[in-house]
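The chain contents come next:
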Amino acid sequence: MLQEERFLRIRSLLATFSRLSVDRIVQDLAVSRETVRRDLLELEGLGELRRVHGGAIATGVEPEPPLAVRLVARQREKRAIAKAAITLLQPGQTVFLDAGSTMSILAEEIAALSGMTVITNSLSIALKLEGASEGRLTGNKTILLGGEIDVKTQATCGDITVEAIRRYRADVAMLSPVALHARHGAMSFEHHEAAVARAMAEQAQQLVLLADHAKIGQASRVTYASAEDIDAIVTDAKARTLPALVPLRKACERLLIA
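First, a word on what this report is: a plain description of the structure on this page. The structure displayed is predicted, hence computed values, not measured ones.

### Here's the deal with the pattern of salt bridges
Then step 1. Within this structure, the stated rule accounts for 13 salt bridges.
Then step 2. In this structure, glutamate 4 and arginine 11 form a salt bridge, with 3.2 Å as the shortest nitrogen-oxygen distance.
Then step 3. For glutamate 108, the salt bridge goes to arginine 79, with nearest N and O atoms at 2.6 Å. Placement of the pair is glutamate 108 in helix α6 (residues 101–110) and arginine 79 in helix α5 (residues 75–85), with a sequence separation of 29 residues.

### Thoughts on the nonpolar core
Then step 1. Counting residues in hydrophobic clusters, the biggest one holds 36 residues, and the most contacted among them are Leu175 and Leu180.
Then step 2. Listing elements by their share of this core, those giving two or more residues are α8 (159–165), β9 (170–175), α9 (191–202), β12 (204–210), β13 (222–225) and α10 (245–251).
Then step 3. Per element, the largest residue contribution to this core is six residues, and it comes from α9.
Then step 4. Residue contacts for leucine 175: discarding those within four places in its chain leaves Asp98, Met103, Ala197, Met200, Ala201, Leu207, Val208, Leu209, Leu210 and Tyr224.

### Some thoughts on the environment of glutamate 190
Then step 1. Turning to its location among the elements, glutamate 190 is positioned in the loop between β11 (185–188) and α9.
Then step 2. On the accessibility criterion, glutamate 190 (16% relative accessible area) is buried.
Then step 3. For the pair glutamate 190 and valine 178, spaced twelve residues apart in sequence, the C-alpha separation works out to 9.5 Å.

### Considerations on the pairing of strand β4 (residues 94–97)
Then step 1. Neither face of β4 is left uncovered, since the one carrying Thr94 and Phe96 and the one carrying Val95 and Leu97 both have all their residues buried.
Then step 2. Summarising the sheet, β4 and strand β5 (residues 117–120) pair through four bridges and their orientation is parallel. The residue bridging leucine 97 from the neighbouring strand is threonine 120, located in β5.
Then step 3. Between the parallel pair β4 and β5, the chain is carried across by α6, and the sense of this crossover is right-handed.
Then step 4. Of the pairings in the sheet, the one linking β4 to β9 comprises three bridges and is parallel in character.

### Examining the sheet that holds β13
Then step 1. Taking strand neighbours across the sheet as the criterion, the three strands line up as β10-β11-β13 in an open arrangement whose pairing is antiparallel. Edge strands, defined here as strands with exactly one partner in the open sheet, are β10 (179–181) and β13. When the angles between neighbouring strand axes are averaged without regard to direction, this sheet yields 35°.
Then step 2. Pairing analysis gives three bridges linking β11 to β13, with the strands arranged antiparallel. Looking at the pairing, methionine 187 lines up with threonine 223 of β13.
Then step 3. On the sheet, α9 packs against β11 and β13 and is oriented at approximately 10° with respect to β13.

### Examining α5
Then step 1. Considered for burial, the residues of α5 that qualify are Glu77, Lys78, Ile81, Ala82, Ala84 and Ala85. Projected down its long axis, α5 carries its buried residues within an arc of 165°, all on one side.

### Focus: the packing of helix α1 (residues 3–17) against helix α3 (residues 33–45)
Then step 1. For the pair α1 and α3, interaxial distance at closest approach is 11 Å and the crossing angle is 75°. The pairing of α1 with α3 is recorded here as roughly perpendicular in orientation. Together, Gln3, Arg6, Phe7, Ile10 and Arg11 of α1 and Thr35, Asp39, Leu40, Glu42 and Leu43 of α3 make up the contact between the two elements.
Then step 2. Considering only residue class, the contact of α1 with α3 consists of four nonpolar, two polar and four charged.

### Topic: the sheet that holds strand β3 (residues 55–58)
Then step 1. The strand order across the open sheet formed by three strands is β1-β3-β2, and the pairing between neighbours is antiparallel. Two strands bound the open sheet, and with one partner strand each, they are β1 (19–21) and β2 (49–52). Between one strand and the next, the sheet's axes are offset by a mean angle of 25°, whatever the strand orientation.
Then step 2. Where β1 meets β3, three bridges bridge the pair, whose relative direction is antiparallel. The residue of β3 that forms the bridge with leucine 20 is alanine 56.
Then step 3. The sheet strands contacting α1 are β1, β2 and β3, and the helix crosses β1 at an angle near 125°.

Scoring rules and cut-offs
- Residues numbered from 1 in each chain as written.
- Predicted model: local features only at pLDDT ≥ 70, side-chain atom pairs only at ≥ 80, totals over all residues.
- Heavy atoms only, no water.
- Salt bridge = Lys/Arg side-chain N within 4 Å of Asp/Glu carboxyl O.
- Helix = DSSP H or I, 4+ residues; strand = E, 2+ residues; numbered from the N terminus.
- Core = buried A, V, L, I, M, F, W, Y, C linked by side-chain atoms within 4.5 Å.
- Buried < 20%, exposed > 50% of the residue type's maximum accessible area, 1.4 Å probe, protein only.
- Contact = heavy atoms within 4.5 Å.
- Pairing = 2+ DSSP bridges.
- Right-handed = clockwise from strand over helix to strand, strands pointing away.
- Axes fitted to C-alpha atoms, helices over the stretch in contact; angles between N-to-C directions.
- Arc of directions from axis to C-beta.
- Parallel < 35°, antiparallel > 145°, perpendicular 65-115°, else oblique.
- Nonpolar A, V, L, I, M, F, W, Y, C, P; charged D, E, K, R; others polar.

Structure follows, in structure tokens:
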């Protein structure tokens, strides 16, 4: 991997998680610790991060990458996670889905089920589910929550959205956090996204989190659910060797590795 490619990847990770360990960067980039240390030293010299013991933190507040960028990242892992997640669902259930790239892939898998009611704040997911049901007798129903529109995530948010969520009770909330940590719980980068996820979690009988290996053990800005509140975590096989998975396995009731 060329240095500029490594720089781009490190920037992207910091934009999402704000804080990174050297071990995580080594695993993600598949390079040596010494290479990572040199890259962090150069990026610090450019003012793009600040080195701390064991890793680096972002020097400024950066937003998540746009949804279009996240949709093409780790697609194989997200598809495997989505296929595993739908095994936790039963026909006739009502499910909350928040917005995000993993949720978009999950929606494609849910569209193949029957008798489901999906409540979501994602415009793209609602359109995808309705398009998949058109002309088919699946009996699936999609409810799009109102509110302010966040163009970046293609979703609704704000007080109106949160109030709308509280009108419903769901069997399951399937959410995809920006970061998942045993101590800090499920986290979002933006406060308004965390508010939506928190309301969905509170209004559901079960909370299931879909998180690929890059999110395990990471921390972001806003917690919306503690690790003890999580009923199940679905992640991919690359998470098996992560030390951060051990305390998460102990904290939640069920762990599925796709």
